[in-house]
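# Breakdown of the fold
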Number of protein chains: 4
Amino acid sequence: MKVGVLNVTGYAGVELARLLSRHPEVRALAVTGRSEVGKRLDEVFPSLSGLDLPILPTLPEDVEVVFSGLPHKASAEALLPFIDRGVPVIDLAADFRLRDPAEYQRWYQVTPPRPELLAEAVYGLTELHRNRIAGARLVANPGCYPTAALLAVLPAVAGGLVKPDLIVDAKSGISGGGRSLSLANHYSEVNENVAPYGLAGHRHLPEIIQELVPFAEATPTVTFIPHLVPMTRGILASCYLPLADTVEADPLRLQSQVTDLYHAWYDKEPFVFVTTGPPATKATFGSNRALVYPTVDGRARRLLVFAAIDNLVKGAAGQAIQNLNVMCGWPETLGLDLLPVYP
Amino acid sequence: MKVGVLNVTGYAGVELARLLSRHPEVRALAVTGRSEVGKRLDEVFPSLSGLDLPILPTLPEDVEVVFSGLPHKASAEALLPFIDRGVPVIDLAADFRLRDPAEYQRWYQVTPPRPELLAEAVYGLTELHRNRIAGARLVANPGCYPTAALLAVLPAVAGGLVKPDLIVDAKSGISGGGRSLSLANHYSEVNENVAPYGLAGHRHLPEIIQELVPFAEATPTVTFIPHLVPMTRGILASCYLPLADTVEADPLRLQSQVTDLYHAWYDKEPFVFVTTGPPATKATFGSNRALVYPTVDGRARRLLVFAAIDNLVKGAAGQAIQNLNVMCGWPETLGLDLLPVYP
Amino acid sequence: MKVGVLNVTGYAGVELARLLSRHPEVRALAVTGRSEVGKRLDEVFPSLSGLDLPILPTLPEDVEVVFSGLPHKASAEALLPFIDRGVPVIDLAADFRLRDPAEYQRWYQVTPPRPELLAEAVYGLTELHRNRIAGARLVANPGCYPTAALLAVLPAVAGGLVKPDLIVDAKSGISGGGRSLSLANHYSEVNENVAPYGLAGHRHLPEIIQELVPFAEATPTVTFIPHLVPMTRGILASCYLPLADTVEADPLRLQSQVTDLYHAWYDKEPFVFVTTGPPATKATFGSNRALVYPTVDGRARRLLVFAAIDNLVKGAAGQAIQNLNVMCGWPETLGLDLLPVYP
Amino acid sequence: MKVGVLNVTGYAGVELARLLSRHPEVRALAVTGRSEVGKRLDEVFPSLSGLDLPILPTLPEDVEVVFSGLPHKASAEALLPFIDRGVPVIDLAADFRLRDPAEYQRWYQVTPPRPELLAEAVYGLTELHRNRIAGARLVANPGCYPTAALLAVLPAVAGGLVKPDLIVDAKSGISGGGRSLSLANHYSEVNENVAPYGLAGHRHLPEIIQELVPFAEATPTVTFIPHLVPMTRGILASCYLPLADTVEADPLRLQSQVTDLYHAWYDKEPFVFVTTGPPATKATFGSNRALVYPTVDGRARRLLVFAAIDNLVKGAAGQAIQNLNVMCGWPETLGLDLLPVYP
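The structure reproduced in this document is the subject of the present report. (Residues numbered from 1 in each chain as written. Chains lettered and ligands numbered in written order. Predicted model: local features only at pLDDT ≥ 70, side-chain atom pairs only at ≥ 80, totals over all residues. Heavy atoms only, no water.)

### Notes on the packing of aromatic side chains
Overall, the coordinates contain 28 aromatic pairs over all chains when judged by the stated rule. With 5.4 Å between their ring centres and 55° between their planes, Phe 45 of chain B and Tyr 342 of chain D make a pair best called tilted. With one member in each of two chains, Phe 45 of chain B in the loop between helix H2 (41–44) and strand S3 (55–56) and Tyr 342 of chain D in the segment after helix H11 (313–328) form a pair that bridges those chains. Residue Phe 45 of chain B shares its accessibility class with Tyr 342 of chain D, and that shared class is buried. Arranged with centres 6.0 Å apart and planes meeting at 75°, the rings of Tyr 342 of chain B and Tyr 11 of chain D form a pair that is edge-to-face. With one member in each of two chains, Tyr 342 of chain B in the segment after helix H11 (313–328) and Tyr 11 of chain D in helix H1 (residues 11–20) form a pair that bridges those chains. Each of the two residues, Tyr 342 of chain B as well as Tyr 11 of chain D, counts as buried. Here a set of aromatic residues connected by ring pairs shows up, and it is made of Tyr 11 and Phe 45 of chain A together with Tyr 342 of chain C. One Lys or Arg, Arg 233 of chain B, reaches over the ring of Phe 285 of chain B and ends 5.7 Å from the middle of that ring. (Phe/Tyr/Trp six-rings, centres within 6.5 Å; stacked < 30°, edge-to-face > 60°. Helix = DSSP H or I, 4+ residues; strand = E, 2+ residues; numbered from the N terminus. Buried < 20%, exposed > 50% of the residue type's maximum accessible area, 1.4 Å probe, protein only. Lys NZ or Arg CZ within 6 Å of the ring centre and 35° of its normal.)

As structure tokens, this is what we get:
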């Protein structure tokens, strides 16, 4: 298959290049960049030494699938011609994630480019929408934070174990902010530092709510607070939910039920592991894996669920390729069967 | 004044040495170590080059105040002789923090050495118990996490703005785990990694509850989850509390009330600053400062409060010296008037 | 092939497990540990979740090749029975690296276990000894520092461009010190810190000299100073050599000759890349690649050569597998065709 | 004294503010910024909370001394009016460091603004030029790298122990590159990474040579290669020099002579410590201290000298204040008597 990547020079883009260039079904790769057009990819990224690909201004006509690593708005604009020609696309930006155009408008201050496409787009949390992704032409790859948060809480919410009143305290590595320059990724500012951000409302919040709604008895109340921590990759979502009034009173028995429920959801998943102790982002580094750990706080009658992912893999490029595999009917782990790099 | 420090070779101890050796009222310093006895302090810690102090096996008789940087149990045992002789002591360990001996026994699996002292000991959160510290002989310096969490939530709880149902998601630098060796402070294990720990119940939890009780209408429900983040110093406590039913409904007006309340609590405090945006641990590095930022989540009807401190200064050695200053009637900032090291 | 790994619980061992478990020719893997015997490998290392391997006390009889991640002395002792039975072995420790038993004795204070084996052992710098490795039964995998230093300077020394008077200023990530606990890998001690070590003579020095001797006109004089830098993985060897008196006087023409020479040495190598600018360790992270950059200092009439590798891959486990591939006549990149993880 | 700081919003500037605001002889502080004019200093830098200083467009007329944290060229331009009015100035940029205008032109591609001032300017390595600084009106504060390198090698060069053929392999934290944004300080690019830079010739090289010339028998040959390491603060200069032919042949006796020589140079210095083992940058963090460690490599007949400083303190703002103290006849440690922050 000939695969196109729009904006290979961002972190999601270069991660797509790393993974796609070793994907057994990818015969050819064509990449564009917003900067660096005309250079070889490995001139810009020495980690890709040997990958002799020119950075093009636009994709050739004959690409058979397109990934977009562009920012929102620019992404939809660049993808529309391919969508119109029937080329399957996987958008790593936010343009097709929210089904309600008004909601998109509210959070992104951008008019949705083609609202009728929103109904067709499939939210690409593979574990949740695998069946619809299989036949999709337009996949909206989830945000990194929603991937972690949803994998953490969906079983509990869907299983009725908790009230849909969710606090997500998320910790992210700095690469989540992209390759563009800002004080928020200046080494000396963020090293040896932890701070929350996005307190007025982060744009990943409506995604989380949208995907929980079908599983919740009432509209979910969600407080989502991201924090920057001094590491390059990784997200840990620490989720706090009140236990439903109807659940088992004994914490130990409840813990056992919860663990069983999570195993029932995830044991057949190739990339999601229910752990036996607190998960660490390091145990996902460089891989498409998610580690999920639910635990009952008997004192406070809360369920705590922790999920760890690599924000650039399961949180971006890896899940996008996982979706490609599903769309093409290939084994879901094709090209993604990498173990995390530890330590 | 001649000051003694028990166990100068732990991180709290060496931080006491750094600060006390420049304290204008400290005429002489005597230090002990559990290891390294007989060496000069600056042989063990080259950062203290020039500080020509021997590490003693025991403190001399004529010390006029004693700080203990020993672990719990060992700390009380070493301090009792001084307490009995009427020498004022400041214990940085947990032995005298909990007023209920049964609670201490439950969390530490140690029989309290002299339960009658628990009633006399003052919990050394200076901002809360300044008056009692002024006349105290035995100060139990707070844990690092409770210092951050209590400074964050006390005004809101005492002001009745929130229900006493608290989630504290805390992020700590690695130095909080001390200088002893373990996989939890092995560089390659914790670098580029974030993970929660202490999920079954961290020993700092009962301190937080104990100090909130007098201010809460009902027994507080507290979920406290610490996380290790890859930095040396710093704690950020992210606190989530449900708004009381009676508070102002309009989020903007409520935010204004909350801000006013926090300023009323803290504007006269020399070390606590109410910030105008999300606080960063880096802005406290090396200093005795606490930064506190309360913000209303109008969507979820919650109050969020973030507090940042340096765990080894305001969270340990600095607050201990702040308490010494109060005990001695000196200006509270004496020897502590250092600005944070940034960047 | 059924492969055995001795001491999988050190960093070289767990890296062997990561790579061998995805190696197309490795049918079965058996692993031992000095600690953690009886546990599943992924209980100890959650990054290997899904790798359902017991940690054995000893390797089964039917392993067809053995890697040892044991420390020196213990490594030779454990390998001897396999060597005696004719099972090919690859030793990641130092026991068979030095051909002169007296030299080994001097640097390691250990009597070589079976000196006659030293003549048979092949020093496993694949690029240098590929032909002899192809038929070897006993490969002594090089130290991480010598791998970087030798790849950097061999072409220049062998090409007579420089005098054999070498300064190697090496910078290593902390994982090079292993998984055992020490102050030298305590996070708070090594984070935000750079320091040299091994000033009295590091054990990797004689390896460097031994491998240079055949290429140098005179016995090489080598100053080798390693430094610890606050990162987990990576070695950068910065090498400084005086230009030979006979070389081209014009720096630009000389630079061109040097670049050509290095390309001639390395362009057919699958893992060594001659870069066009200063190499960064990050561009090798998690991969078996080496980046080499020679540059002429015309002012001081010196050749500077910089080499970057991942100390746990090309500096240990990866090169060991590269040697396995050569020993077995497989494509040299089998199981090692991973791109570096960037950023 | 009323002190002015030009460009407080760079890292050298904000470090000047941190230190000067606690300096006992500084009665008032006025600061300018290239950005952020009109804001309070502590709005921009929360680490300075409580420092209620406006960021001015220009300094008031009545400042009695001026520090400049501006970049070169802009610095000289802004300082000239003060110099012409006879106000003493301390320039942290490079404009007055090189006495030879042609050399300045060559390295900085800028015409020196007022060449006659170069003869008057004193190179502000306090330990070297203390007497001339005492009466100076114009002090050119040294670069961070030259400070470390010169403190390391001056005693050996001046003492004739070595040939003036110097290799300086320097490792710097990222803050040395300033607060302006670039890929070279983007967290994800420089974290978990080590790389050399400035291979074609770093601008600090001519400073090093200039200051060595008076002490060397011949024109010094210097190879100076800086490296970026993933930490915020700190410089380690690793210096390699050939022993002079005339020195003592026995390494142990020579080591003793070298150590004595360094102690003779530095024992009366308040900020320079000759250490007994390899120095670590961490042991200088946040302080004006320099640690120097000379050691003989008997095998290779070289002298190795390592020097560690905090690049923003002894390498910039701290040394500038040390020079102010000397200029004013105050105790040299005034306002600088801070111990390093460890760990």
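### Re the interface of chain A and chain B
Contact residues are listed per partner, giving 48 residues for chain A and 48 residues for chain B. The junction of chain A with chain B conceals about 3,700 Å² of combined surface from both sides, 59% of it contributed by carbon and sulfur atoms. At the surface where chain A touches chain B, the tally comes to four salt bridges. Of the charged contacts, one joins Arg 302 of chain A and Asp 165 of chain B as a salt bridge, the two residues approaching to 3.1 Å between their closest N and O atoms. Those elements giving two or more residues to the side of chain A that touches chain B turn out to be strand S8 (165–172), helix H8 (187–190), strand S9 (195–196), strand S10 (221–228), strand S11 (235–242), strand S13 (290–297) and strand S14 (302–309) of chain A. The residue inventory of the side of chain A that touches chain B, partitioned by class, reads 27 nonpolar, 11 polar and 10 charged. (Contact = heavy atoms within 4.5 Å. Buried area = accessible area lost by both parts, 1.4 Å probe. Salt bridge = Lys/Arg side-chain N within 4 Å of Asp/Glu carboxyl O. Nonpolar A, V, L, I, M, F, W, Y, C, P; charged D, E, K, R; others polar.)

### Structural notes on the interface of chain C and chain D
Listed per partner, the contact involves 48 residues of chain C and 48 residues of chain D. Summing both sides of the interface, chain C and chain D together bury roughly 3,800 Å²; the carbon and sulfur share of this comes to 59%. In this structure, the connection of chain C to chain D is made through four salt bridges. The interface formed by chain C and chain D contains 34 residue pairs in polar contact (both at pLDDT 80 or more). Contributing elements (two or more residues each) for the side of chain C that touches chain D: strand S8 (165–172), helix H8 (187–190), strand S9 (195–196), strand S10 (221–228), strand S11 (235–242), strand S13 (290–297) and strand S14 (302–309) of chain C. (Polar contact = N/O pair within 3.5 Å; in protein donor to acceptor, adjacent residues only side chain to side chain.)

### Details of the sheet that holds strand S13 (residues 290–297) of chain B
Sheet architecture is open: seven strands sit in the order S9-S10-S8-S11-S14-S13-S12 (chain B), paired in mixed fashion. The open sheet has two edge strands with one neighbour each: strand S9 (195–196) and strand S12 (272–274) of chain B. (Pairing = 2+ DSSP bridges.)

### Describing the relation of the copies chain A and chain B
Aligned on chain B, chain A shows an RMSD of 0.0 Å; the corresponding rotation is 180° and the shift along the axis is 0.0 Å. Each copy turns onto its partner about a two-fold axis. An overlap of 100% is found between the interface residues of chain A and their copies at the interface of chain B, pointing to a shared contact surface. (Least-squares fit on C-alpha atoms with pLDDT ≥ 70 in both.)

### Side note on the side chain of Asp 91 of chain C
Residue and element names in this part refer to chain C. Assignment of secondary structure puts Asp 91 in strand S5 (residues 89–91). One buried charged residue, Asp 91, forms no salt bridge at all, with the nearest opposite charge on Arg 97 at 6.9 Å. For Asp 91, the residues in contact, after removing those within four places along its chain, are Ser 68, Ser 75, Leu 79, Phe 96, Val 139, Ala 140 and Asn 141. (Lys, Arg positive; Asp, Glu negative; His and termini not counted.)

### Let's talk about the relation of the copies chain C and chain D
One copy of the chain maps onto the other through a rotation about an axis followed by a shift along the same axis. Placing chain C over chain D gives an RMSD of 0.0 Å and needs a rotation angle of 180°, together with 0.0 Å of translation along the axis. Most of the interface of chain C is mirrored in chain D: 100% of its interface residues are interface residues there too.

### Points about the pattern of salt bridges
Pairs may arise between side chains of opposite charge once their charged atoms sit close together. One pass over the full model with this rule turns up 97 salt bridges over all chains. When the shortest N-O distance is used, the salt bridge between Arg 40 of chain B and Asp 42 of chain B registers 2.6 Å. Among the residues examined, Asp 42 of chain B registers a relative accessible area of 11% and is labelled buried. Residues participating in the shared-partner salt-bridge network are Glu 15, Arg 18, Arg 233 and Asp 310 of chain A.

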